[in-house]
Amino acid sequence: MRIRAWPLLALLLCVPVQAQILPRENPVPGGIVVVPVAAETEPAPEVYYDNQRVLVMPHAGKWLAVVGLPLSVGPGTQTVQVGGPDGRRRVIGFTVRPKDYAEQRLTVKERRMVEPSAEDLARIARETEIIRKVFAAWTEQPLTSLRFAPPARGRLSSVFGLRRYFNDQPRQPHSGIDIAGPVGTPVTAPLAGTVANTGEYFFNGKTVFIDHGQGLISMFNHLSRVTVTPGARVNTGEKIGEIGMTGRVTGPHLHWTVSLNNARVDPALFLPDDIQNLK
Ligand code: ZN
């Protein structure tokens with residue numbers, strides 16, 4: 001009997017391609033959980049986590065909520081609220097596992113960057129408010145893939161989540177990844193989106209924000225040049241600036257933060273497995 005292998009082969013070829021539209025799941029602080037919330041035959045449901053709207057996308061016959069978990073979340077049960085077509089809200093639970101992030105100690109020569117003056121602190125407070133608003137934004141936009149292209153070529157010089165000490169003083173954990181490269185290295189959009197904000201910030205230096213839609217927002221810091229303006233639409237791979245060393249840095253690199261439902265999550269979860277050297 002002849003085995004009809006072609007349909008099977010086609011199926012096998014399709015599976016990995018389909019799977020590549022989602023980020024890797026990691027149900028830990030700073031990670032991502034994927035929660036099936038409705039059948040795809042229903043209209044796209046509205047999902048909330050921690051009072052923030054959550055990204056949803058159709059996949060394999062279901063609507064999936066792709067939930068970002070903040071670094072501050074504790075281990076245990078968390079819930080999403082799902083709005084149904086009847087206007088009622090359902091609650092779906094999921095489990096967050098604990099994760100211990102490593103410690104990192106850095107020495108910054110410019111003391112002002114570690115112990116800012118009163119004037120600097122006022123500027124930092126103003127900038128923190130601007131940045132908070134950009135990350136809290138929601139733009140309605142269907143997304144077909146959540147897989148990112150690396151935004152710069154270079155060496156991964158710092159991973160996400162490190163508990164940081166600058167000149168022996170405890171500071172905020174590392175809320176993104178660092179890609180080291182020479183000043184002038186092009187920085188490109190890892191996924192299509194709209195430039196939500198550009199500016200020069202005290203700690204972050206020259207910065208670009210890209211709103212990819214549905215609360216998925218990228219921030220690029222320490223640039224030497226910004227080559228886009230707010231409101232511009234950018235495609236995957238389009239240049240937005242160049243690597244620099246503006247703001248609080250120890251050398252030239254790109255710092256890249258990814259925010260999902262206003263939670264800063266590990267950008268590596270959106271990239272291919274091997275990211276030690278990004279090409
Ligand atoms: Zn960084």
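Residues numbered from 1 in each chain as written. Predicted model: local features only at pLDDT ≥ 70, side-chain atom pairs only at ≥ 80, totals over all residues. Heavy atoms only, no water.

With distances of 1.9 to 2.1 Å, the protein atoms coordinating the zinc ion are His174 (NE2), Asp178 (OD) and His255 (ND1). Along the chain, the residues donating to the zinc ion fall in the pattern H-x3-D-x76-H. Here Asp178, found in strand 11 (residues 177-180), pairs with His255, found in strand 18 (residues 253-260); they are 77 residues apart in sequence, far enough to count as distant. By the burial criterion, Asp178 is buried, and His255 matches it. (Donors = N, O, S within 2.8 Å, 3.2 Å for Na, K, Ca; no water. Helix = DSSP H or I, 4+ residues; strand = E, 2+ residues; numbered from the N terminus. Buried < 20%, exposed > 50% of the residue type's maximum accessible area, 1.4 Å probe, protein only.)

This next bit is on the nonpolar core. Membership of the largest hydrophobic core comes to 40 residues, with the highest contact counts inside it found for Leu216, Phe220, Ile240 and Phe270. Examining the composition of this core, we find that 4 residues originate from one element, strand 18, more than from any other. Phe220 has contacts with Pro151, Val187, Pro190, Lys206, Thr207, Val208, Ile210, Ile240, Leu254, His255 and Trp256, leaving out every residue within four places of it along the chain. (Core = buried A, V, L, I, M, F, W, Y, C linked by side-chain atoms within 4.5 Å. Contact = heavy atoms within 4.5 Å.)

What follows covers the sheet that holds strand 3 (residues 52-59). The strands making up a sheet associate through backbone hydrogen bonding, with each pair oriented either parallel or antiparallel. Read from one edge of the open sheet, 6 strands run 1-4-3-2-5-6, paired in antiparallel fashion. Among the strands making up the open sheet, the edge pair consists of strand 1 (32-39) and strand 6 (89-96). Pairwise comparison of adjacent strand axes, ignoring direction, gives a mean angle of 35° for this sheet. Sheet analysis places strand 2 (residues 46-49) next to strand 3, joined by 3 bridges and oriented antiparallel. Within the sheet, the bridge partner assigned to Val47 lies in strand 3 and is Val54. (Pairing = 2+ DSSP bridges. Axes fitted to C-alpha atoms, helices over the stretch in contact; angles between N-to-C directions.)

Looking now at the confidence of the model for the chain. The share of residues in the chain with pLDDT of 70 or more is 91%, and the mean pLDDT across the chain is 91. Low pLDDT, under 50, characterises residues 14-18; the stretch is placed with 1 contact to residues that sit more than four places away or in other chains. (pLDDT = per-residue confidence, 0-100.)

Spatially, 3 strands are ordered 7-9-10 in an open sheet, and the strand pairing comes out mixed. Strands with a single pairing partner mark the edges of an open sheet, and in this sheet they are strand 7 (103-106) and strand 10 (169-170). Two strands pair when backbone bridges link them, and strand 9 (residues 163-166) and strand 10 are joined in this way by 2 bridges, in the antiparallel orientation. Looking across to strand 10, one finds that Phe166 is bridged to Gln169.

Okay, the pattern of salt bridges next. Per the counting criterion, the structure on display carries 10 salt bridges. In this structure, the salt-bridge partner of Arg112 is Asp120, at a minimum N-O distance of 2.7 Å. With a relative accessible area of 40%, Arg112 lands in the partly exposed category. A residue is classified by how much of its surface remains accessible, and Asp120, at 6% relative accessible area, is buried. When the shortest N-O distance is used, the salt bridge between Glu242 and Arg225 registers 3.0 Å. Here the residue Glu242 occupies a position in strand 17 (residues 239-243), and Arg225 occupies one in strand 15 (residues 216-226), the gap between them amounting to 17 residues. Here Glu242 falls in the buried class, since its relative accessible area comes to 12%. When salt bridges with common partners are traced through the structure, they connect Glu103, Arg105 and Asp168 into a single cluster. (Salt bridge = Lys/Arg side-chain N within 4 Å of Asp/Glu carboxyl O.)

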